[in-house]
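Structural features, examined
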Amino acid sequence: MGTNDPRGSIWRKWDLHVHTIKSYEHYFNPSSWDTYIKELINKAIEYDISAIGINDYFTIEGYQYIYENVAKKDENGNLFLEKSNKKIYLFPIVELRTNNFIRGKALNIHILFDNKITPQIIKNDFLEKLRFEYNGTNFELKRENLLRIGRELTNSSDDDSILKAVYMQITVSKDSLKEAIDEFIKRNKERLIVILVGKSKDGIPPSFFEGNGKLNVEFNNFLNIHKDLCIFTNKKEDIEKFVKNYKKACLWGSDAHRYEDLFVPSGDGRSFTWIKADPTFLGLLQAIRNPEDRIFIGDRPPIFKRLEEEPSKFINSLSIKFQDGYDGSKGKWFEDINIEFNPGFIAIIGNKGNGKSAIVDILGLCGNSKNYEYFAFLRKERFCNPRSKVANNFLAVLQWNSGKEVKKVLNENPNINELETVRYLPQNYFEHLTAELDGHKNFENRIKEIIFQYLPDDKKYGMDSLDDLIEFLSENTEGQISPLNGKIEKINKELVDLEIKREPSYLMQIENKKKNLEEEISNLEKIKEEKEISLKKISNSLKEKDSKLTKIEELNRKEKEYSDEAKKLKEKSNKLKRDVSELT
């Protein structure tokens, strides 16, 4: 699947903190590119990761190798790896350490770049603009400077070892970082994102907060270094502070330095970063600018649980096709149309006449909308004209997430006795309500004016309008009338309810509701059975592992016995040798 899903924005797992064998601190063993790439792809598929941030300290070389030797580009220039039709999108990230960031504390800062930008541009326009201090002298973060200083720190002749030695020593200055960010933005149209990372597994250091829980002034000011700035943290209290109070998105990742850690969220192993957006730089920007709706850190977003527990309340797809035998002679209006829906908010966008009203009318038809008389497209004056008989050549199939399908020929009307499963408010319905309300109000006001004009002056009691007069005359009796009105209203409601319940249509609706509830119960029972089977498999697997462990323990015990016996035999052998020696 590419960057644009036919369902629109969907939830995907991202991990924007993965190191390569070019990081000075890594434990990938073996540290070959072939093994690294193979493990990276296989693990990403195993954990269903859609986007990866390739991190290395002070360098872009790891990402550059993948960019030049392994990755592909899609039609829009987005970089990705692929296996078995699964595309995993990649983003370049440089991880930096700053000096004396806040109150003497250092802070790691990650700079994420648009993956359409080449590694060479990142190197030229950003990395080499940074400065670091060594022995009282400022240097630009260029390879030749790093190698020269590194040779003073190690006797190695290997460039990677030399660079590792110097990377472990240096930090970049805050001022040069801000200047480099500003300069890059000017040259490349804001195609980077700043991510602040605490130097521990616990998110942002407590020293960055005042006693009242607010950020200290210096750190708060730094949050404005770039408008698209995020915080790396999975702590619930941090997320609440930054997202709600400071409108800053929070992310988390695996911080993987070894193969077994790839895509396993750092710390608790459960804090996956879920982002509801296309796996592109612009998709990420959209998410971090709307974090409350588009970013979730945890095992999985709550919507997945609702989909499992209430599958009959979510539409999966709508298909529209020719009826059997129709040759398209009266127009191909809907030929093998299939629209997939995501479970969130959906906007149907298009120019006038492109079929927006047709789609929502058909959804209303399949969902037995009670407002079908206000349909804009499926009406006798238009598509459902009985003379042209066009509509009866097309069949719509609405599929719910439960698997249930509803089929309707487009010239049908909803069955008002069946349960309304789609609440549809057509534009014509709103226009009808508006016109009705406006007309009613004007008519009522005009009647009141006429009545008041014809009252004798002595009957107006000095009032200026009929409403004022009614209020004046009602003051003394309101207290007595109000309780009686309440009783009358309650009795009327009970009578109306009883009348409704006598209608055959009401009984049919009850039966349909019962049928739908039974279907939901059946779906939940299936889910329960599937989970029980899954748990049974896990239980059997654990039993097998326990059995194997028992066998291993038995083998270890026997091995120890044999070892002890061998030791005793050796001791006897040595004693015999000594005895023989003494005899000779």
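Look above for the structure.
About the thresholds
Residues numbered from 1 in each chain as written. Predicted model: local features only at pLDDT ≥ 70, side-chain atom pairs only at ≥ 80, totals over all residues. Heavy atoms only, no water. Helix = DSSP H or I, 4+ residues; strand = E, 2+ residues; numbered from the N terminus. Buried < 20%, exposed > 50% of the residue type's maximum accessible area, 1.4 Å probe, protein only. Contact = heavy atoms within 4.5 Å. Areas by Shrake-Rupley, 256 points an atom, 1.4 Å probe, with all protein chains shown as cover. Phe/Tyr/Trp six-rings, centres within 6.5 Å; stacked < 30°, edge-to-face > 60°. Lys NZ or Arg CZ within 6 Å of the ring centre and 35° of its normal. Patch = residues over 30% accessible without salt bridge, like charges linked within 9 Å, V, L, I, M, F, W, Y side chains within 5 Å. Salt bridge = Lys/Arg side-chain N within 4 Å of Asp/Glu carboxyl O. Lys, Arg positive; Asp, Glu negative; His and termini not counted. Charge placed at Lys NZ, Arg CZ, Asp CG, Glu CD. Core = buried A, V, L, I, M, F, W, Y, C linked by side-chain atoms within 4.5 Å. Pairing = 2+ DSSP bridges. Axes fitted to C-alpha atoms, helices over the stretch in contact; angles between N-to-C directions. 1 Å grid on protein atoms, 1.4 Å probe; cavity = no way out; pocket = protein on both sides within 12 Å on 5 of 7 lines; lining within 4 Å. Points joined across faces, edges and corners; volume = space filled by probe spheres on them. Polar contact = N/O pair within 3.5 Å; in protein donor to acceptor, adjacent residues only side chain to side chain. Disulfide = S-S within 2.5 Å.

Moving on, we get to the overall build of the chain. Looking only at helices and strands, the chain has 16 helices and 17 strands in total. Counting over 584 residues, the chain shows a buried share of 38%. Of all intrachain contacts in the chain linking residues separated by at least 6 positions in sequence, the fraction that spans at least 24 positions is 65%. Summed over its atoms, the accessible surface of the chain is roughly 34,800 Å², and 49% of this surface lies on carbon and sulfur atoms.

What follows concerns the packing of aromatic side chains. Summed over the entire model, instances satisfying the criterion amount to 30 aromatic pairs. Considering the side-chain rings of Phe-28 and Tyr-36, the 5.2 Å spacing of their centres and the 85 degrees angle between planes classify their relative orientation as edge-to-face. Each member of the pair, Phe-28 as well as Tyr-36, carries the same accessibility label: buried. Seen from their ring centres, Phe-383 and Phe-394 are 5.9 Å apart, and the 45 degrees between their planes marks the pair as tilted. Of the two residues, Phe-383 is situated in the loop between α12 (356–366) and β16 (394–400) and Phe-394 in strand β16; the sequence distance between them amounts to 11 residues. Exposure remark for Phe-383: the relative accessible area of 4% places this residue in the buried category. The residue whose ring lies beneath Lys-87 is Phe-80, and the NZ or CZ to ring-centre distance is 4.7 Å.

For the rest of this paragraph, the subject is a negative patch on the surface. Taken together, the side chains of Glu-525, Glu-529, Glu-530 and Glu-532 define an acidic patch exposed on the protein surface. Relative to the elements of secondary structure, Glu-529 occurs in helix α16 (residues 504–583).

Below, the discussion takes up the nonpolar core. Judged by nonpolar contacts, the single largest core of 73 residues is most densely connected at Tyr-36, Ile-52, Ile-111, Phe-126 and Leu-196. Ranked by residues supplied to this core, first place goes to helix α1 (residues 33–46) with six residues. Those residues in contact with Tyr-36 that lie beyond four places of it in its chain are Val-18, His-19, Thr-20, Ile-21, Phe-28, Ile-54, Ile-66 and Tyr-259.

With that settled, consider the pattern of salt bridges. All chains considered together, the criterion is met by 22 salt bridges. Across the pair Arg-300 and Glu-308 runs a salt bridge whose closest N-O atoms are separated by 3.0 Å. With a relative accessible area of 32%, Arg-300 lands in the partly exposed category. Residues joined by salt bridges that share partners form a network here, namely Lys-22, Glu-61, Arg-143, Asp-159 and Asp-160.

What follows covers the pairing of β16. Within β16, six of the seven residues are buried, leaving the element largely enclosed by the surrounding structure. Bridging between strand β14 (residues 315–322) and β16 involves seven bridges; their strand directions are antiparallel. Looking at β16, one finds that Ile-320 is bridged to Ala-396. Where β16 and strand β17 (residues 405–409) come together, five bridges link them in antiparallel fashion. Along β17, the bridge assignment pairs Leu-398 with Val-406. What sits between the antiparallel neighbours β16 and β17 is a turn of four residues, in which Gly-403 has the positive phi angle 100 degrees.

Read across the sheet, four strands follow the order β15-β14-β16-β17 without closing on themselves; strand pairing throughout is antiparallel. Strands at the two margins of the open sheet, each flanked by one partner only, are β15 (337–340) and β17. Along the sheet, successive strands turn relative to each other by an average axial angle of 15 degrees, direction set aside. Packed on one face of the sheet, α12 meets β14, β15, β16 and β17 and runs near 105 degrees to β14.

Here we come to empty space enclosed by the protein. A water-sized probe rolled over the atoms picks out the places where empty space is left. This structure, assessed with the given rule, holds one cavity of 30 Å³ or more. What the largest cavity holds in volume is close to 60 Å³. Every residue lining the largest cavity is listed: Trp-14, Asp-15, Ile-49, Trp-252, Gly-253, Ser-254, Phe-263, Pro-265, Ser-271, Phe-272 and Thr-273.

Moving on, we get to the side chain of Asp-15. Within the secondary structure layout, Asp-15 lies in strand β1 (residues 11–19). Lys-13 is the oppositely charged side chain nearest to the buried, salt-bridge-free Asp-15, at an N-O distance of 9.9 Å. Within the structure, the side chain of Asp-15 is placed 3.1 Å from the backbone nitrogen of His-17, a separation counted as a polar contact. Apart from the residues within four sequence positions on either side, Asp-15 is in contact with Ile-49, Ala-51, Ile-52, Gly-53, Gly-253, Ser-254 and Phe-263.

Note the cis peptide between Asn-29 and Pro-30, where omega equals 5 degrees. Even without being glycine, Asn-135 reaches a positive phi, approximately 55 degrees. Among the secondary structure elements, Asn-135 is positioned in the loop between β7 (131–134) and β8 (137–140). The residue Lys-247 is not glycine, and still its phi comes out positive at about 55 degrees. One can find Lys-247 in the loop between α8 (236–246) and β11 (249–251).

Considering the arrangement of structural elements, one finds Glu-95 in strand β5 (residues 86–97). This buried residue, Glu-95, is left without a salt bridge; Arg-97 holds the nearest opposite charge, at 7.6 Å. A polar side-chain atom of Glu-95 sits 3.3 Å from a polar atom in the side chain of His-19. One polar contact links Glu-95 to His-110, side chain to side chain, over a distance of 3.2 Å. Leave out the neighbours within four places in its chain, and Glu-95 touches His-17, His-19, Asn-55, Asp-56, Tyr-57, Phe-58, Asn-108, Ile-109 and His-110.

What follows is about the state of the cysteines. Inspection of the entire model under this criterion finds zero disulfides. Unpaired in terms of disulfides, Cys-230 finds its nearest cysteine sulfur in Cys-250, a separation of 8.3 Å.

This brings us to a nonpolar patch on the surface. On the surface, a cluster of nonpolar side chains totalling about 300 Å² of accessible area is made up of Tyr-461, Phe-472 and Leu-473. With respect to the element layout, Tyr-461 can be found in the loop between α13 (427–453) and α14 (466–474).

Mapping Lys-13 onto the fold places it in strand β1. On the basis of relative accessible area, Lys-13 is assigned to the buried category, the value being 12%. Residue contacts for Lys-13: discarding those within four places in its chain leaves Tyr-47, Asp-48, Ile-49, Ser-50, Ala-51, Phe-272, Thr-273 and Trp-274. At 3.1 Å, the side chain of Lys-13 forms a polar contact with the backbone oxygen of Tyr-47.

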